[in-house]
Each structure stands twice: as structure tokens, then as C-alpha cells.
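Listed below, chain by chain, are the residues.
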Amino acid sequence: MLWLRHSAGAARRSATCARGLRSFSSAWNHIPEFSIVDTTLREGEQFATTDFGPQDRVYIAKMLDKIGVEYIEMCNPMAGKQAILDAESVSNLGLKSKIVVHTRCHMADVKAAVNTGVDAINMYMATSSILSKHSHGKGIDVIIEMATEVIKFVQS
């Protein structure tokens, strides 16, 4: 979650939101545009004491949408049946936020994500020589070929 905080003292922070937002905005004029991608429903799920249920995930998605988060990232549907059901249920809420699924750059993962009805897919694959050696054993040429195939599928 991205938290934006005005740097002035507590008394100034308690001033009206409009004035605080103007101050914040003017301090960041050099940033032409940015989007908020919230990973609570993916990265937050990995925290040791976290135990979100299906209703929690729906509630969290609705609240993130309500505060204007543009992208809500959820876990890979290949993680299990509940991950599939959660991606489907959040995707069907009719939120303004775009629902994104975080997947490996594998065709099976991407097809599972597409089948849930999400708006976007965030793919990853280890590309460093060390991670490649200990993860999937593929060279950069094979990684590029695999990624190209998966990207073409998503674009079709």
C-alpha cells in the first residue's frame, strides 16, 4: 500500500484535506502521472500472521476501490482453488479498480488468470544467472522466447 503523508508538523497535517492535498501536489509537480498498485491481496497474504478469508478479500477490494486505488493485485490462480474463486469474485464486483493477477511467465498460469476474468496480468520470471540456475535452469534466449509466446497469447 502506498501511503502519502504531508511532511509538515501535526498541527499543519490537521488542516483541511484540500489545503494538504494542494501542498502535496505542488511539491510533486515534476511527477507527470502515477498509478497506485496495491498488493495487499497478494503480498499481504504472505505475511506470517495473515489469514484473509473470501469475505475479507472482497471487503478489502471494495475499500481499496473506494479510496481510488487504480490496480488491485491478487495472487496467482495456480496457487489453488480458493485463489481462482477469489480472483473471479473480486473481478465480478464491478469495481473501478483494475484487478491484476500476479503470475509466473508460464502459459498455464496465464491461461488460468485469463479464465478468471481479471483485467490484467503481472508476469514475472527469474532472469539473473543465479536465479535462473536455482529456479528454472533456462537461459535468457529461452526466457525471451517463452515470454514472447505468453505475451502474444495475452494480446490475442
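What you see is a predicted model, and the numbers here were worked out from it, not measured in a lab.

Requested: an account of the confidence of the model for the protein chain, with residues and values cited.
Overall, the predicted model of the protein chain reaches an average pLDDT of 81, with 79% of residues at or above 70. Of the regions scoring below 50 in pLDDT, residues 1-21 engages in 12 contacts with residues more than four places distant in sequence or in other chains.

Could you give an account of the sheet that holds strand 2 (residues 71-74), with specific residues and numbers?
Spatial ordering of the open sheet is given by 1-2-3-4, a layout of four strands whose pairing is parallel. Pairing within the sheet leaves two strands with one partner each, and these edge strands are strand 1 (37-38) and strand 4 (120-124). One ladder, built from four bridges, connects strand 2 with strand 3 (residues 98-104); its direction is parallel. Paired with Tyr 71 across the bridge in strand 3 is Lys 98. Lying over the sheet, helix 5 (residues 107-115) contacts strand 3 and strand 4, oriented at roughly 160° with respect to strand 3.

Break down the environment of Glu 45 for me, citing the residues and quoting the values.
Tracing the sequence through the fold places Glu 45 in the loop between strand 1 and helix 3 (54-66). For Glu 45, the residues in contact, after removing those within four places along its chain, are Thr 40, Thr 50, Phe 52 and Arg 57. There is a polar contact of 2.5 Å between the side chain of Glu 45 and the side chain of Arg 57.

Any details on the packing of helix 5 against helix 7 (residues 140-155)? Residues and values, ideally.
Following both chains from N to C, one finds helix 5 and helix 7 inclined at 15°, their axes separated by 10 Å at the closest point. Comparing their axes, helix 7 and helix 5 come out roughly parallel. Seen from above, helix 5 lies across helix 7 with right-handed handedness. Along the contact surface, helix 5 presents Met 107, Val 110, Lys 111 and Val 114, while helix 7 presents Glu 149, Val 150, Phe 153 and Val 154. When its residues are assigned to classes, the contact of helix 5 with helix 7 shows six nonpolar, no polar and two charged.

For the packing of aromatic side chains, give the residues involved together with the corresponding values.
Under the defined criterion, the tally for this structure stands at zero aromatic pairs. Seen from the ring of Phe 153, Lys 111 lies directly overhead, with NZ or CZ sitting 5.6 Å from the centre.

With reference to specific residues and values, describe helix 5.
The complete set of buried residues in helix 5 reads Asp 109, Val 110, Ala 112 and Ala 113. Summarising the axial view, the buried residues of helix 5 lie within an arc of 160°, below the 170-degree limit, and thus occupy one face. Buried positions along helix 5 lie against strand 3, strand 4 and helix 7. Two residues or fewer after helix 5 comes Gly 117, characterised by a positive phi angle close to 90°.

What counts and what doesn't
Residues numbered from 1 in each chain as written. Predicted model: local features only at pLDDT ≥ 70, side-chain atom pairs only at ≥ 80, totals over all residues. Heavy atoms only, no water. pLDDT = per-residue confidence, 0-100. Contact = heavy atoms within 4.5 Å. Pairing = 2+ DSSP bridges. Helix = DSSP H or I, 4+ residues; strand = E, 2+ residues; numbered from the N terminus. Axes fitted to C-alpha atoms, helices over the stretch in contact; angles between N-to-C directions. Polar contact = N/O pair within 3.5 Å; in protein donor to acceptor, adjacent residues only side chain to side chain. Parallel < 35°, antiparallel > 145°, perpendicular 65-115°, else oblique. Left-handed = near helix turned anticlockwise from the far one by under 90°. Nonpolar A, V, L, I, M, F, W, Y, C, P; charged D, E, K, R; others polar. Phe/Tyr/Trp six-rings, centres within 6.5 Å; stacked < 30°, edge-to-face > 60°. Lys NZ or Arg CZ within 6 Å of the ring centre and 35° of its normal. Buried < 20%, exposed > 50% of the residue type's maximum accessible area, 1.4 Å probe, protein only. Arc of directions from axis to C-beta.

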